[in-house]
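Survey of secondary and tertiary structure
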Amino acid sequence: MVFRKLPGVSASGMGLRLSQKFVFLLFLSGLVTLCFGALFFLPDSVRLKRIFLSKTETQPVTVGSENDAREHIKRPKDQSMTSAKGETSTKLKSLNRKPSVSHEATEERMAGGKAQEDFTLPRAKTESASEKATSSNHGANSDTFSYKKFKWCLLKPPLGRDGGGPSDPKTNERREKVKEMMKFAWDNYKRYAWGKNELRPLTRNGHIGNMFGGLRGASIIDSLDTLFIMGLMEEYNDAKEWVKTNLDLNSNGEASLFEVNIRYVGGLLSAYYLTGEELFKNKAVELGEKLLPAFNTPTGIPRGVINLGSGTSWSWGWASAGSSILAEFGTLHLEFVHLTELSSNPIYTEKVMNIRKLLNKIEKPHGLYPNFLSPVSGNWVQHHVSIGGLGDSFYEYLIKSYLMSDKTDDDAKKMYYNALEAIEANLVQKSPGGLTYMAEWRGGILDHKMGHLACFSGGMIGIGADDGAPDKRQHYLDLAAEITHTCHESYVRSATKLGPEAFRFDGGAEATATRLSDRYYILRPEVIESYMYMWRLTHDPKYREWGWEAVEALEEHCRVESGFSGIRDVYTTTVSHDNMQQSFFLSETLKYLYLLFSNDDLLPLEDWVFNTEAHPLPIIRKSCLQEEATQDKTVSE
Ligand code: DMJ
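The following paragraphs examine the structure supplied in this document.

Some thoughts on the overall build of the protein chain
For the protein chain, the count of helices and strands is 23 helices and 19 strands. Counting only residues that meet the buried cut, the protein chain has 59% of its 637 residues in that class. Here the contacts in the protein chain between residues at least 6 apart in sequence split such that 70% fall between residues at least 24 apart. As presented, the protein chain carries roughly 26,100 Å² of accessible surface, and 54% of it is formed by carbon and sulfur atoms.

Below is the structure:
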């Protein structure tokens, strides 16, 4: 562009006198200062503010190809309502749709008086130095997770008013018995297998196994939260110390993405949320990052096995034609959303939202989700559907994703209730003796078998009952009770009063195993898990009685001199032990039993969901967490 000199105007001064120039410059600089100052008063979402007053943000790690999950992912707060194209995302808007709970919570807290001071860390005042540093700085950067604010957004104290101790002496005695079982299991692990993954209680040594890719201490990570909620603080501190000094995440070896996620990531996340120890958060995020390469597939559906050192991933050799397994890639959502929450890195949520999106879109036979999917083509590989092994926790994570999102994740809700309808229409059966069960489905043909693993579904259907269509709510609660009853029958129909790995409803069998290979019990939690949820939902005393029957059976048949062991045949009282104290016995079975005999205010369901390994994760109350000014003031006071 060429600037032409105007007639009668000097090039340098545009024909103005010196004093006029001075006044003009003064006016101009005043205007600039005013405009810049005004930026501070603009709302966060205004682009100019982001450009001129940008905050320091953690940059997302870019692993693999990005995909259109972008529209769903959580963005840092100031971008959360706008898609990459600048369009408004209705999905993300809905995250803020619910009225904030925090005002209500404030009043409740005020009313609570002194008791509310114990609200956050009833047993261990564990605020770390770095937490202290950030807690005085609430809202300075709303993208940074604030532990104090998180606690403030809870509706109730995590451990209840008195650690959940029941006033009824009999129930309290039972609870104490479960605590003693935990201490016994832990002490023996510590004595004979410390640092190994699991205890072999008969041979009194440790087991490493091949599920965790060289990671160690599975029983320690799985026990952290159980020890903490039971008030076994000396044991908890030993466990914490081990994590601090010995948990080495730089391992090489074949790890199951699913197992590492539910036990290690889940265990560390829960430990962090319960205690506020930064150590657990940092380890969880560090480990989460190591799992990301498993998602580098053409579809973004992760492969089942990953080498944590090299990042190479592959499918299980036994899985149909290199496929990924529904219960594995469908059981990452809760933990990954929390990893994003704690790290402010959207990549974790992005990865699981991509899985969600693919599953939502793909055609489903009769509305059902088969167990095997190709991570390359994104198509189902076989038409085997099961609510037990290979499928189970995918369904669990749909309803729990909805609950954990403070009931804002509408896609998860729709997918869950649609799946449940398909399950009812195709898999739920009634035996001649009147027992309701979930059969398995093989390309349209029913296999009248129910796995112990499928017994978690009583609890799952129970916790989802209240958010179903109004005319279905009672029905869902009844269905949950019926399934739980059937699973209880699988226990009482055995000589040991413990349930088999799988039981059948054909050839004259009703809730009993017919094959020798299905008769074992490996300290699994699912039946007791359903008792716990059904107790919380109905307060029918029979669930506590059933839980106590299980305690007695465990004591009689699974307790050995140096720990607890699974048994090979539940139908004989001359038991043969399998010499393995599974880490989920400490994480799940004993925790659910303890909760069953505690008051409902110990890890209240209004605030917590349990991951599939029974690690409690808090409900994310976005609207509360994102509120700034007024509350920040209250929090830091
Ligand atoms: C646990 O690791 C988890 O509950 C998982 O979802 C299924 N299997 C075991 C317990 O049986």
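Re the site of the ligand
Ile-262, Arg-263, Leu-453, Arg-524, Pro-525, Glu-526, Phe-584, Glu-588, Thr-612 and Glu-613 make up every residue found near the ligand. Between the ligand and the protein, one listed contact pairs an oxygen atom with a side-chain N or O atom of Glu-588 at 2.8 Å. Note that an oxygen atom of the ligand is positioned 2.6 Å from one of the side-chain N or O atoms of Glu-613. Protein burial of the ligand: of its 290 Å² of free accessible surface, 93% is covered by the chains. In this structure, the ligand is accommodated by the largest pocket. Residue classes in the shell around the ligand are distributed as four nonpolar, one polar and five charged.

Here we look at the sheet that holds strand S13 (residues 445-447)
Spatially, S9-S12-S13 is the arrangement adopted by the three strands of the open sheet, whose pairing is antiparallel. Of all strands in the sheet, those bounded by a partner on one side alone are strand S9 (384-385) and S13. By the bridge criterion, two bridges tie S9 to strand S12 (residues 440-442) in an arrangement that is antiparallel. Bridge pairing links Val-385 to Trp-441 in S12.

A look at the pattern of salt bridges
Applying the stated criterion across every chain, the model contains 34 salt bridges. Here Lys-240 and Glu-277 are joined by a salt bridge, their closest N and O atoms 3.2 Å apart. Separated by 37 residues along the polypeptide, Lys-240 in helix H9 (residues 233-246) and Glu-277 in the loop between helix H10 (257-275) and helix H11 (278-291) bring together distant segments of the chain. Looking at Lys-240, the relative accessible area reads 18%, which means it is buried. Classification of Glu-277 by relative accessible area gives buried; the value is 12%. Residue Asp-447 is joined to Arg-504 by a salt bridge in which the shortest nitrogen-to-oxygen separation is 2.6 Å. Residue Asp-447 is found in strand S13, and its partner Arg-504 is found in strand S15 (residues 502-504); the two are separated by 57 residues along the sequence. Exposure class is identical for Asp-447 and Arg-504. Each is buried. Residues joined by salt bridges that share partners form a network here, namely Glu-440, Arg-442, Asp-447, Arg-504 and Asp-506.

Points about the sheet that holds strand S8 (residues 380-382)
Pairing is antiparallel in the open sheet, where three strands are placed in the order S6-S7-S8. Whereas interior strands pair on both sides, the edge strands pair on one side only; in this sheet they are strand S6 (324-325) and S8. Sheet topology places S6 next to strand S7 (residues 372-373); two bridges connect them, and they run antiparallel. By the bridge assignment, Ile-325 is partnered in S7 with Phe-372.

Focus: the state of the cysteines
Going through the model one piece at a time under the given rule, you end up with two disulfides. Disulfide pairing places Cys-153 opposite Cys-624 at an S-S distance of 2.1 Å. The sign of the -90° torsion about the S-S bond sets the Cys-153-Cys-624 disulfide as left-handed. Of this pair, Cys-153 sits in helix H6 (residues 147-153) while Cys-624 sits in helix H22 (residues 622-626), placing them 471 residues apart in sequence. With respect to class, Cys-153 is no different from Cys-624; both count as buried. Here Cys-455 connects covalently by a disulfide to Cys-487, the sulfurs 2.1 Å from one another. The sign of the -90° torsion about the S-S bond sets the Cys-455-Cys-487 disulfide as left-handed.

Side note on the packing of aromatic side chains
Two descriptors summarise a pair of aromatic rings, namely the distance from one centre to the other and the angle between the planes of the rings. Scanning all chains against the criterion turns up 33 aromatic pairs. Centre to centre, the rings of Tyr-369 and Trp-380 are 6.3 Å apart; their planes meet at 90°, and the pair counts as edge-to-face. With Tyr-369 in the loop between helix H14 (347-361) and S7 and Trp-380 in strand S8, this pair connects stretches of sequence that are eleven residues apart. In this structure Tyr-369 comes out as buried when scored by relative accessible area, which is 2%.

Considerations on the layout of surface pockets
Computed from the structure, the largest pocket encloses a volume of approximately 940 Å³. In this structure, the largest pocket is lined by 40 residues; those nearest its centre are Gly-389, Leu-390, Asp-392, Leu-453 and Arg-524. Counting only elements with at least two residues in the lining of the largest pocket, the list comes to H10, helix H12 (326-329), helix H15 (392-404), strand S14 (449-451), helix H19 (526-538) and helix H21 (583-596). The element best represented in the lining of the largest pocket is H10, accounting for four residues. For the lining of the largest pocket, the per-class residue count stands at 15 nonpolar, eleven polar and 14 charged.

Focus on helix H7 (residues 169-193)
With 25 residues, H7 extends 35 Å from end C-alpha to end C-alpha; this agrees with the ideal 36 Å at 1.5 Å per step. Those residues of H7 lying buried are Thr-171, Arg-174, Arg-175, Val-178, Met-181, Met-182, Phe-184, Ala-185, Trp-186, Asn-188, Tyr-189 and Ala-193. Two residues or fewer past H7, Gly-195 is found with a positive phi of approximately 90°.

A few points about the side chain of Ser-565
Along the chain, the position of Ser-565 falls in the loop between strand S17 (563-564) and H21. Judged by relative accessible area, which is 0%, Ser-565 ranks as buried. Side-chain polar atoms of Ser-565 contact the side chain of Asp-578, separated by 3.2 Å. Beyond its immediate stretch of four places on either side in the chain, Ser-565 contacts Pro-201, Leu-523, Cys-558, His-577, Asp-578, Asn-579 and Met-580.

Here we look at unusual backbone geometry
Backbone phi values are negative for most residues with the exception of glycine, while trans is the configuration of most peptide bonds. Here the phi dihedral of His-539 falls at roughly 55°; this positive angle occurs in a residue that is not glycine. Structurally, the position occupied by His-539 is in the loop between H19 and helix H20 (542-558). Although it is not a glycine, Asn-579 sits at a positive phi angle of roughly 65°. Within the fold, Asn-579 resides in the loop between S17 and H21.

Considering the nonpolar core
Counting 159 residues, the largest nonpolar core has Tyr-395 and Met-450 as its most contacted members. Apart from residues no more than four positions distant in its own chain, Tyr-395 is found in contact with Leu-326, Tyr-369, Val-385, Ser-386, Ile-387, Tyr-416, Ala-419, Ile-423 and Met-460. Counting residues in each nonpolar core, the second largest holds five residues, with Trp-316, Ala-319, Ile-325 and Phe-372 among its members.

Here's the deal with the environment of Ile-445
Mapped onto the secondary structure, Ile-445 falls in strand S13. Residue classification places Ile-445 among the exposed residues on the basis of a relative accessible area of 59%. Here the alpha-carbon distance between Ile-445 and His-384, two residues 61 residues apart in the chain, equals 9.4 Å.

Here is what the cut-offs are and how they apply
- Residues numbered from 1 in each chain as written.
- Predicted model: local features only at pLDDT ≥ 70, side-chain atom pairs only at ≥ 80, totals over all residues.
- Heavy atoms only, no water.
- Helix = DSSP H or I, 4+ residues; strand = E, 2+ residues; numbered from the N terminus.
- Buried < 20%, exposed > 50% of the residue type's maximum accessible area, 1.4 Å probe, protein only.
- Contact = heavy atoms within 4.5 Å.
- Areas by Shrake-Rupley, 256 points an atom, 1.4 Å probe, with all protein chains shown as cover.
- Near = heavy atom within 4 Å.
- Polar contact = N/O pair within 3.5 Å; in protein donor to acceptor, adjacent residues only side chain to side chain.
- 1 Å grid on protein atoms, 1.4 Å probe; cavity = no way out; pocket = protein on both sides within 12 Å on 5 of 7 lines; lining within 4 Å.
- Sits in = over half its atoms within 2 Å of the grid points.
- Nonpolar A, V, L, I, M, F, W, Y, C, P; charged D, E, K, R; others polar.
- Pairing = 2+ DSSP bridges.
- Salt bridge = Lys/Arg side-chain N within 4 Å of Asp/Glu carboxyl O.
- Disulfide = S-S within 2.5 Å.
- Phe/Tyr/Trp six-rings, centres within 6.5 Å; stacked < 30°, edge-to-face > 60°.
- Points joined across faces, edges and corners; volume = space filled by probe spheres on them.
- Expected span 1.5 Å × (residues − 1).
- Core = buried A, V, L, I, M, F, W, Y, C linked by side-chain atoms within 4.5 Å.

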